[in-house]
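Coordinate analysis (summary)
Read off the chains here:
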2 protein chains.
Amino acid sequence: MPVPLTKETDVDVLIIGAGPAGLMCGNALAKAGVNVRIVDQRPKRVAAGQADGIQPRTIEVFQSYGLAERLLREGNQMHMAAFYNPSPNGGIERTGRAPDVNASTARYPFEITLHQGAIEAIFLDSMRSMDVEVERPIVPTSLELSQDEAELKDPNAHPVKVVLKYLDPIEAGTETEIVHAKFVVGADGAHSWVRKTLGIAMEGEQTDFIWGVLDFVPETDFPDIRNRCAIHSNNGSCMIIPREGDTVRLYIQLTGTDAVDAATGRIDKSRLGPEKLLEVARKSFHPYTFATPKEVEWWTIYLIGQRVASKFSVSNRVFIAGDACHTHSPKAGQGMNASMNDTHNLAWKLSHVLRGWADLSLLDTASGFLYCRYEFERRKYAQDLINFDKKFSALFSGKPRTEENQEGVSHEEFIQAFRTFGMFTSGIGVHYGPSMLTNATHKKVASNLNIGQRMPSHIFVRPADARPIELQDVLPADTRFKLVVFAGAVTEPAQKARVEALADTLGAKGGLLSKDVVDIVTVCSGTVESVVLGSLPAVFRPHFTKVFVDDMDMHRRSGGGGYAAYGIDTQAGAIVVVRPDGFVGMVAPFEHVGDVESYFSAFRS
Amino acid sequence: MPVPLTKETDVDVLIIGAGPAGLMCGNALAKAGVNVRIVDQRPKRVAAGQADGIQPRTIEVFQSYGLAERLLREGNQMHMAAFYNPSPNGGIERTGRAPDVNASTARYPFEITLHQGAIEAIFLDSMRSMDVEVERPIVPTSLELSQDEAELKDPNAHPVKVVLKYLDPIEAGTETEIVHAKFVVGADGAHSWVRKTLGIAMEGEQTDFIWGVLDFVPETDFPDIRNRCAIHSNNGSCMIIPREGDTVRLYIQLTGTDAVDAATGRIDKSRLGPEKLLEVARKSFHPYTFATPKEVEWWTIYLIGQRVASKFSVSNRVFIAGDACHTHSPKAGQGMNASMNDTHNLAWKLSHVLRGWADLSLLDTASGFLYCRYEFERRKYAQDLINFDKKFSALFSGKPRTEENQEGVSHEEFIQAFRTFGMFTSGIGVHYGPSMLTNATHKKVASNLNIGQRMPSHIFVRPADARPIELQDVLPADTRFKLVVFAGAVTEPAQKARVEALADTLGAKGGLLSKDVVDIVTVCSGTVESVVLGSLPAVFRPHFTKVFVDDMDMHRRSGGGGYAAYGIDTQAGAIVVVRPDGFVGMVAPFEHVGDVESYFSAFRS
């Protein structure tokens with residue numbers, strides 16, 4: 001018998017759980033140069049099934065970390081949704097089609113489906129290139145938070161003590177490890193050990209909607225098999241989510257009693273198998289047929305729970321994210337997206353505190369500024385998500401309206417909901433409420449931008465070399481705020497003088513542009529021909545790749561109309577503050593540059 | 001002293017030289033599953049400098065091998081060209097700007113610049129993923145071709161004997177190796193050992209234009225430093241080629257006597273250094289200034305030679321490609337492109353012969369069908385290239401027209417030439433003459449397609465899932481011919497009947513679609529809404545990813561108008577044969593499908 005070994009270590013951030021939320025967090029922190037470790041109880045990443053839908057907004061987030069290319073290459077794209085309802089002749093018929101994504105500013109106007117393991121691999125490879133590996137199989141066995149107020153308020157202290165147990169001790173040479181962490185992120189799933197250890201309750205209900213999920217390569221005459229489909233039949237509802245390669249996922253509505261153990265009220269997977277699920281589906285799809293597949297890649301059955309954790313963090317030191325703090329129906333493809341965007345929101349704030357760019361209060365949940373922090377922004381979103389999910393699930397699980405059942409859900413009602421919720425389900429419409437981080441005081445100066453929503457992309461052209469560039473690509477998730485100076489009509493003397501005055505203020509010693517926390521991007525109105533890079537104030541052109549003009553490219557294939565799209569005056573311009581997570585923090589006219597300075601000083605130490 | 005070791009091996013194709021021509025060849029053959037080896041005398045790939053310009057057509061070729069993504073990510077893009085001429089006030093002034101690329105059908109309407117080592121790395125990594133590595137440092141010391149006619153005509157024989165010498169024998173464990181090859185490709189540069197060993201002469205002249213090249217990060221007030229520039233000054237000509245990162249390449253015209261050793265007539269690099277080159281450039285750029293750079297990344301001096309090898313192959317068994325068979329001025333960025341496209345043209349033909357899909361005569365240079373083969377297509381191109389180069393170099397090296405010098409080259413003359421040659425310099429206009437591989441008999445049926453030019457891309461939409469796709473992406477360089485069936489108005493009964501008749505012919509036992517050499521892509525006119533995948537004949541829809549409709553995507557951002565762009569009737573359709581290298585081989589109306597069958601039978605064994 002080997003002698004049990006214990007080691008004791010320090011770390012800035014310990015992430016527990018290497019699913020989508022944990023990996024987004026680990027990758028973002030590694031990219032920010034944060035001292036981070038990530039542990040997981042599974043010996044390997046998931047191989048098949050699980051969550052698989054990536055929203056348009058999440059694709060933008062991947063792109064902001066330089067990871068979208070592979071996602072786009074490997075994933076399936078859903079461009080079209082189709083709706084089926086009971087046919088007067090029996091069975092179902094198509095009652096309509098629509099774009100899958102209803103968000104006009106989406107840079108990627110489609111959803112991607114790709115199995116969770118492939119998505120995790122994108123993060124794992126990215127982290128590996130930065131020498132961060134997931135340590136596994138490891139489980140935490142205790143978590144203690146210091147009760148010393150001074151320690152909790154010292155950003156350099158390590159007030160969280162976590163004991164880790166190595167499940168594969170021989171290989172690791174250690175059986176347990178005591179980790180002292182500045183911060184801990186619990187991204188350990190719906191049955192979160194971190195959440196339970198912290199005694200955080202889940203609020204909300206279990207529904208009685210039960211669904212089966214089946215991943216397989218179908219042989220069928222169903223014409224929309226490669227589109228997202230909502231099937232309302234008199235024999236239950238189904239949903240199709242086409243996947244990478246030839247795989248398709250079916251969501252199949254089940255009647256309560258089939259899959260539930262009456263004694264416990266819990267799902268009993270042994271009561272149903274994939275054959276039975278397919279049999280149920282076939283009834284909904286009549287008159288279309290499905291051959292019995294040779295192989296089922298993955299399947300499961302679940303009871304929809306719609307619950308949110310009562311809080312997302314304790315003492316600004318331990319956070320929960322992802323399924324650990326919200327569970328809901330998977331059918332609108334929200335789950336994994338919500339999870340990854342939780343930690344996308346959290347990671348830059350942790351980085352700022354660890355670098356001394358911000359007070360611990362940026363993470364605060366207890367102060368009067370509750371509403372500007374991680375918990376506020378993401379818990380509000382999670383509640384919106386549950387509310388959406390309740391409406392959508394009810395519509396989806398409800399009986400269709402037919403001549404006999406006038407109380408049922410009509411096609412019009414459903415498609416109306418599909419469109420209404422489009423901005424939400426795409427992730428594009430996610431909105432963080434007014435706070436010190438989202439200040440809408442001067443919103444009129446960029447009337448088409450929504451403060452607290454993500455900055456939409458647009459193609460501008462570089463005057464230096466006429467290259468068209470997506471604006472989002474110069475707003476990467478590199479932990480810095482971006483000051484996007486829409487400099488207006490810089491070729492006109494009066495505006496040139498205003499721009500120079502603004503440059504003097506921002507570029508002064510101690511001014512915003514002298515601080516690491518801010519990066520600058522300049523966008524002029526006018527044409528490539530008229531805007532001369534060298535005539536701009538030096539602080540507005542730190543490099544030729546940072547200056548743009550709202551013009552078309554040399555072949556007039558892209559670009560132009562950006563000021564109009566954002567609702568900014570082409571003459572006078574505006575200042576736009578984009579947060580490190582890509583959200584619009586505030587906008588201001590040049591004259592109110594003082595308010596922009598106040599925005600930054602409010603949360604900076 | 002180790003005992004000299006010799007081994008003896010067989011290989012299907014031996015490539016000598018791992019520059020751009022050799023690597024394109026090696027990668028293409030590896031991808032085709034051919035038994036290939038590639039050797040090079042250099043111990044490592046080049047680190048800096050050398051050739052660096054990638055034309056729009058070459059980007060398309062990279063994309064056809066799945067390699068464009070990295071090229072686009074790592075390279076600089078040239079979108080704009082600027083022209084400078086003597087100013088009446090002394091010095092130079094800008095006289096115009098234009099798109100860098102003048103080829104309206106270019107899928108990538110710009111050129112990429114990236115140093116040769118980075119381009120080579122793209123191939124090396126791709127080949128490594130297929131377990132093919134460049135073996136180096138190795139030089140060939142003898143090459144013998146069998147004189148036995150029967151052996152030369154047997155595609156399975158190994159009639160070429162090459163002795164290789166390992167320059168690093170201790171590591172390799174071998175000093176020499178005798179390789180018996182079915183085919184040898186000499187891609188060993190301007191001083192090609194293979195060419196000299198075969199006794200092939202270079203035809204053409206050395207010019208007396210001498211140019212210097214300087215790669216460095218400039219500090220300058222010159223406003224077009226990130227654009228391709230042609231500078232005609234009274235103090236000589238210069239050209240700017242912006243490169244990746246902040247690097248810029250200057251081409252600097254030198255007066256003959258500065259750099260030439262009078263005794264030998266050869267360039268003597270010791271007579272000039274980078275400081276001297278910059279000094280010459282500064283005179284041309286006046287009144288703009290260049291600070292002395294801290295570091296020069298790479299520099300050279302060359303005398304322009306404009307020569308073509310008298311033949312490109314011997315006995316269909318040994319080929320030369322790239323700089324080994326054509327040398328010319330580098331200023332129009334043609335060299336590396338010409339080299340890579342030589343072997344892009346050759347590789348699929350070698351694969352076809354080795355698979356038994358074609359007779360050795362596909363490679364023939366001696367038969368009456370000379371004009372359809374590798375040498376014909378690429379030697380004709382090389383001659384066109386030299387003719388272009390002569391005109392362009394003369395214009396470029398000539399004195400500018402001024403009040404005093406009315407004989408000089410005017411701005412209008414130069415820019416006219418720049419535009420005229422645009423299709424050529426972009427690579428888009430490269431045209432292979434009429435032959436069995438490029439049959440223009442029925443060209444009217446696709447009146448905007450040029451038989452013998454590359455198939456232009458266009459965005460079509462898949463009826464199965466409404467995903468927009470670039471047509472070129474379903475015409476990959478996978479060694480198969482593509483039969484693109486423009487099926488026309490398939491929803492109309494008369495056309496449906498024609499399509500079904502065509503399917504019967506093509507899909508019949510022994511018909512074209514039963515052969516491995518042909519892959520099929522179907523493009524219908526009409527809309528995503530109206531075209532039902534399942535109503536097409538089965539042979540025209542082998543997979544949902546192979547069928548398209550000429551419609552816009554769900555958000556009306558792309559697609560539509562493809563039939564019109566190609567000049568194909570939306571009612572009646574047409575058959576388009578695309579060669580494995582992406583060139584249009586022939587077009588035909590449905591009624592002349594027999595001619596399409598003849599096209600294939602002509603070169604097939």
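Residues numbered from 1 in each chain as written. Chains lettered and ligands numbered in written order. Predicted model: local features only at pLDDT ≥ 70, side-chain atom pairs only at ≥ 80, totals over all residues. Heavy atoms only, no water.

Chain A goes by FAD-binding domain-containing protein in an unreviewed UniProt entry, where it is assigned to Fibroporia radiculosa. Quoted verbatim from the Sequence similarities (unreviewed entry) field of UniProt, the annotation for chain A is "Belongs to the PheA/TfdB FAD monooxygenase family." (UniProt positions renumbered as here; feature names shortened; annotations may be inferred.)

**Focus on empty space enclosed by the protein**
Residue and element names in this part refer to chain A. Applying the stated criterion across every chain, the model contains nine cavities of 30 Å³ or more. Taken as a whole, the second largest cavity spans an internal volume of roughly 110 Å³. For the second largest cavity, the lining is made up of 14 residues, of which R57, S64, Q472, L475 and G582 are closest to its centre. Top element by residues in the lining of the second largest cavity is helix α2 (residues 56-64). It accounts for five residues. Counting contributing residues per domain, the lining of the second largest cavity is built from domain 1 (6-76 + 111-202 + 307-388) and domain 3 (443-603), each supplying no fewer than three. (1 Å grid on protein atoms, 1.4 Å probe; cavity = no way out; pocket = protein on both sides within 12 Å on 5 of 7 lines; lining within 4 Å. Points joined across faces, edges and corners; volume = space filled by probe spheres on them. Helix = DSSP H or I, 4+ residues; strand = E, 2+ residues; numbered from the N terminus. Domains from an automatic or database assignment.)

**Considerations on the side chain of A:S146**
Residues and elements named next belong to chain A. For S146, the position within the fold is in the loop between β9 (138-145) and α5 (149-153). Polar contacts involving the side chain of S146 include one to the side chain of E151, which spans 2.8 Å. With sequence-adjacent residues up to four places away left out, S146 is seen in contact with E151, L152 and P159. (Polar contact = N/O pair within 3.5 Å; in protein donor to acceptor, adjacent residues only side chain to side chain. Contact = heavy atoms within 4.5 Å.)

**Some points on the nonpolar core**
Counting 116 residues, the largest nonpolar core has B:V13, B:F62, B:L483 and B:F600 as its most contacted members. Here this core takes eight residues from helix α10 (residues 335-355) of chain B, the largest share from any one element. Counting contributing residues per domain, this core is built from domain 1 (6-75 + 112-202 + 308-388) and domain 3 (443-603) of chain B, each supplying no fewer than three. Counting 114 residues, the second-largest nonpolar core is a separate cluster that includes A:A18, A:L152, A:M340 and A:L512. (Core = buried A, V, L, I, M, F, W, Y, C linked by side-chain atoms within 4.5 Å. Buried < 20%, exposed > 50% of the residue type's maximum accessible area, 1.4 Å probe, protein only.)

**Things to note about the packing of aromatic side chains**
For any two aromatic rings, the description comes down to two numbers: the centre-to-centre distance and the angle of the planes. Residue and element names in this part refer to chain A. Summed over the entire model, instances satisfying the criterion amount to 35 aromatic pairs over all chains. With centroids separated by 5.0 Å and ring planes inclined at 85°, the aromatic side chains of F222 and F285 adopt a geometry described as edge-to-face. Of this pair, F222 sits in the loop between β12 (202-216) and β13 (228-233) while F285 is found in helix α9 (residues 274-285), placing the two residues 63 residues apart along the sequence. By relative accessible area, F222 is classed as buried at 2%. Judged by relative accessible area, F285 falls into the buried class, the value being 0%. (Phe/Tyr/Trp six-rings, centres within 6.5 Å; stacked < 30°, edge-to-face > 60°.)

**Some words on the pattern of salt bridges**
All names here are of chain A. By the definition in use, this model includes 60 salt bridges over all chains. Residues R249 and D215 are paired through a salt bridge, measuring 2.7 Å at the closest nitrogen-oxygen approach. Pair noted here: R249 is in strand β15 (residues 248-254) and D215 is in strand β12, with a separation of 34 residues, a long-range link. Relative accessible area serves as the criterion here: at 2%, R249 is assigned to the buried category. (Salt bridge = Lys/Arg side-chain N within 4 Å of Asp/Glu carboxyl O.)

**What about the environment of B:A281?**
All names here are of chain B. Take A281: it is sitting in helix α9 (residues 274-285). Through-space distance from the C-alpha of A281 to that of S87 is 17 Å; in sequence the pair is 194 residues apart. What A281 contacts, discounting residues up to four positions off in sequence, is C238, L250 and I252.

**Notes on the sheet that holds strand β7 (residues 111-113) of chain B**
Residue and element names in this part refer to chain B. Taken in spatial order, the three strands make up an open sheet running β3-β7-β4, and their pairing is antiparallel. Lying at the two open borders of the sheet, with one neighbouring strand each, are β3 (53-54) and β4 (76-78). In terms of strand pairing, β4 meets β7 through three bridges, oriented antiparallel. Bridge pairing links Q77 to I112 in β7. (Pairing = 2+ DSSP bridges.)

**Observations regarding the packing of helix α1 (residues 20-31) of chain A against helix α4 (residues 116-128) of chain A**
Residues and elements named next belong to chain A. For the pair α1 and α4, interaxial distance at closest approach is 9 Å and the crossing angle is 20°. If you check the angle between α1 and α4, you find them roughly parallel. Handedness of the crossing formed by α1 with α4: left-handed. Mapping the contact onto sequence places P20, L23, M24, G26 and N27 in α1 and Q116, E120, F123, L124, S126 and M127 in α4. Class assignment for the residues of the contact of α1 with α4 results in six nonpolar, four polar and one charged. (Axes fitted to C-alpha atoms, helices over the stretch in contact; angles between N-to-C directions. Parallel < 35°, antiparallel > 145°, perpendicular 65-115°, else oblique. Left-handed = near helix turned anticlockwise from the far one by under 90°. Nonpolar A, V, L, I, M, F, W, Y, C, P; charged D, E, K, R; others polar.)

**Points about the side chain of A:S457**
All names here are of chain A. Looking at the secondary structure, you find S457 in the loop between α13 (422-425) and β20 (459-461). Within the local environment of S457, its side chain forms a polar contact with the side chain of E470, the two groups lying 2.6 Å apart. There is a polar contact of 3.2 Å between the side chain of S457 and the backbone nitrogen of Q472. Excluding its chain neighbours within four sequence positions, the residues that come into contact with S457 are R107, E470, L471, Q472 and Y566.

**A closer look at the sheet that holds strand β7 (residues 111-113) of chain A**
Pairing is antiparallel across the open sheet formed by three strands, whose spatial order is β3-β7-β4 (chain A). The open sheet terminates on both sides in strands that have one partner only, identified here as β3 (53-54) and β4 (76-78) of chain A.

**Comments concerning the packing of helix α11 (residues 374-397) of chain B against helix α12 (residues 411-420) of chain B**
In helix packing, the relevant descriptors are the interaxial angle and the interaxial distance, both defined with respect to the helix axes. Residues and elements named next belong to chain B. One can describe the packing of α11 onto α12 by two numbers: an axis separation of 11 Å at closest approach and a directional angle of 150°. Relative to α12, the element α11 is oriented roughly antiparallel. Classified by chirality, the crossing of α12 by α11 is left-handed. In this structure, α11 uses F392, L395 and F396 to contact α12, whose residues at the interface are E413, F414 and A417.

**Some details on the pairing of strand β14 (residues 236-242) of chain B**
Residues and elements named next belong to chain B. Counting buried residues along β14, seven of its seven residues qualify, which places the element largely inside the surrounding structure. Across the two faces of β14 the burial is the same, with G236, C238, I240 and P242 and S237, M239 and I241 all buried. Alignment of strand β13 (residues 228-233) against β14, held across five bridges, turns out to be antiparallel. Of the residues in β14, the one forming a bridge with I231 is C238. Where β13 hands over to β14, the hairpin turn is made up of two residues, counted between the paired strands. Pairing between β14 and strand β15 (residues 248-254): five bridges, direction antiparallel. Paired with C238 across the bridge in β15 is I252.

**Concerning the confidence of the model for chain A**
Within chain A, residue pLDDT values average 90, and 95% of them lie at 70 or more. The ipTM value of the predicted complex is 0.91, and its pTM value is 0.93. (pLDDT = per-residue confidence, 0-100.)

**Focus: the UniProt feature "domain: Phenol hydroxylase-like C-terminal dimerisation" (unreviewed entry) in chain A**
Sequence positions flagged by UniProt for "domain: Phenol hydroxylase-like C-terminal dimerisation" (unreviewed entry) are, in local numbering, residues 430-603 of chain A. For residues 430-603 of chain A, the helix share is 18%, the strand share is 20%, and the end-to-end C-alpha distance is 23 Å.

**Some thoughts on the domain arrangement of chain A**
Residue and element names in this part refer to chain A. When the domains of chain A are assigned, the result is domain 1 (6-76 + 111-202 + 307-388), domain 2 (204-304 + 398-425) and domain 3 (443-603). A straight line from the C-alpha centre of domain 1 to that of domain 3 covers 32 Å. Each partner contributes to the roughly 1,500 Å² buried at the junction of domain 1 and domain 3, and carbon and sulfur atoms together form 54% of this total. Here domain 1 is connected to domain 3 by one salt bridge. In this structure, R454 and E60 form a salt bridge, with 2.5 Å as the shortest nitrogen-oxygen distance. Joining domain 1 to domain 3, the criterion identifies nine residue pairs in polar contact (both at pLDDT 80 or more). Contributing elements (two or more residues each) for the side of domain 1 that touches domain 3: α2 and α10 (335-355). Per-element tally for the side of domain 1 that touches domain 3: the top contributor is α10, with seven residues. Residue composition of the side of domain 1 that touches domain 3, by class: six nonpolar, six polar and seven charged. (Buried area = accessible area lost by both parts, 1.4 Å probe.)

**Looking at the interface of chain B and chain A**
Every contact between the two is made by 34 residues of chain B and, on the other side, 34 residues of chain A. Between chain B and chain A, roughly 2,900 Å² of surface is buried when both sides are summed, and carbon and sulfur atoms account for 47% of that area. Applying the counting criterion to the chain B and chain A interface returns six salt bridges. For the salt bridge of A:R94 with B:E529, the shortest nitrogen-to-oxygen distance reads 3.8 Å. Those elements that place two or more of their residues in the side of chain B that touches chain A are α3 (68-74), β4 and β6 (92-99) of chain B. At four residues, β6(B) tops the list of elements feeding residues into the side of chain B that touches chain A. Classifying every residue of the side of chain B that touches chain A by side-chain character gives 14 nonpolar, nine polar and 11 charged.

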